[in-house]
Amino acid sequence: MSADTPRRIIVLRHAKADWPNGVDDHERPLADRGRHQAPDAGRWLADSGINPEFVLCSTALRTRETWKLAVHELPKRARKTVYEDRIYEASAGEIIAVLQETPEEYADVVLVGHNPGVLGLTQVLAGDAGDADALDRLRLGGFPTAAVAVLTFDGSWKNVEPGVAKLVSYHTPQD
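Computed from a predicted structure; not experimentally measured.

Draft legend 1. Region of interest: the sheet that holds strand β5 (residues 148-154). An order of β3-β2-β4-β1-β5-β6 is seen for the 6 strands of this open sheet, with the pairing classed as mixed. Of all strands in the sheet, those bounded by a partner on one side alone are β3 (80-84) and β6 (166-171). With strand direction ignored, the average angle separating the axes of adjacent strands in the sheet is 20°. On the sheet, helix α4 (residues 117-126) packs against β1 (6-13), β4 (108-113), β5 and β6 and is oriented at approximately 150° with respect to β1.

Draft legend 2. Up close: the packing of aromatic side chains. One pass over the full model with this rule turns up 3 aromatic pairs. Between F143 and Y170, the ring centres sit 5.9 Å apart and the planes meet at 70°, which makes this aromatic pair edge-to-face. With F143 in the loop between α5 (132-141) and β5 and Y170 in strand β6, the pair connects residues that are 27 residues apart, well separated along the chain. Residue classification places F143 among the buried residues on the basis of a relative accessible area of 2%. Look at Y170 and you get buried, because its relative accessible area is 5%. For the ring pair F153 and W157, a centre distance of 5.3 Å and an interplane angle of 75° mean the geometry is edge-to-face. One Lys or Arg, R28, reaches over the ring of W19 and ends 3.6 Å from the middle of that ring.

Draft legend 3. Highlighting unusual backbone geometry. With an omega dihedral of 5°, the bond running from N115 to P116 counts as a cis peptide bond. Relative to the assigned elements, P116 resides in the loop between β4 and α4. Even without glycine at this site, E89 takes up a positive phi of about 60°. Mapped onto the secondary structure, E89 falls in the loop between β3 and α3 (92-99). Phi at A146 takes a positive value of approximately 65°, unusual for a residue other than glycine.

Draft legend 4. Seen up close, the nonpolar core. The biggest cluster of nonpolar side chains holds 32 residues, and the ones touching the most others in it are V11, L99, L111, L121 and F143. Elements with a contribution of two residues or more to this core: β1, β2 (54-58), α3, β4, α4, α5, β5 and β6. Residue contacts for L111: discarding those within four places in its chain leaves I10, V11, L12, L56, I87, I95, L99, V118 and L121. The next biggest cluster of nonpolar side chains, apart from the first, holds 17 residues, and it includes L12, A41, W67 and V150.

Draft legend 5. Summary view of the packing of helix α1 (residues 32-47) against helix α2 (residues 61-71). Look at α1 against α2: their axes get within 7 Å of each other, and the N-to-C directions meet at 50°. As judged from the angle between their axes, α1 and α2 are oblique. Read as a crossing pair, α1 and α2 show a hand that is right-handed. Counted together, R35, A38, P39, G42 and L45 of α1 and T66, W67, L69 and A70 of α2 form the full contact between these two elements. Residues of the contact of α1 with α2, tallied by class, amount to 6 nonpolar, 2 polar and 1 charged.

Quick notes on the rules
- Residues numbered from 1 in each chain as written.
- Predicted model: local features only at pLDDT ≥ 70, side-chain atom pairs only at ≥ 80, totals over all residues.
- Heavy atoms only, no water.
- Pairing = 2+ DSSP bridges.
- Helix = DSSP H or I, 4+ residues; strand = E, 2+ residues; numbered from the N terminus.
- Axes fitted to C-alpha atoms, helices over the stretch in contact; angles between N-to-C directions.
- Contact = heavy atoms within 4.5 Å.
- Phe/Tyr/Trp six-rings, centres within 6.5 Å; stacked < 30°, edge-to-face > 60°.
- Buried < 20%, exposed > 50% of the residue type's maximum accessible area, 1.4 Å probe, protein only.
- Lys NZ or Arg CZ within 6 Å of the ring centre and 35° of its normal.
- Core = buried A, V, L, I, M, F, W, Y, C linked by side-chain atoms within 4.5 Å.
- Parallel < 35°, antiparallel > 145°, perpendicular 65-115°, else oblique.
- Left-handed = near helix turned anticlockwise from the far one by under 90°.
- Nonpolar A, V, L, I, M, F, W, Y, C, P; charged D, E, K, R; others polar.

Shown next, in the form of structure tokens:
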């Protein structure tokens, strides 16, 4: 793919997680509500024509469970899924560093992560560029569990940096 290839970053926050006693934060499972939200996010992706090629998913249990439930709603699976420790508790800048390592052969990437990193990432990459309604809803509502933001940019993954993208879609669950 050339350096001006259109790219999409699909940012998915994990679905609603439970807080069982004595369970480390990294190992928190999805709550019942989360088990309903995750497939909804997957259906929204499928209905929007998004079928990612490459997935970067935090290693936390709630993100892995979210992706496992969401992916079953897609017409086909991604060519590659990478479970990445560096996404757990990552800042926007740390997530950008992970995205910059994406192999150039992939045009669409799903990133399954956590707040505040996914909110910060979306805000930093898009700034004020993109769909006005989606930007307003993001500003007003933040990035709730199972929300999905779709950002586009042209160029190499190595050039992912603040302000490079446009926010084209933003979905929040209807629970």
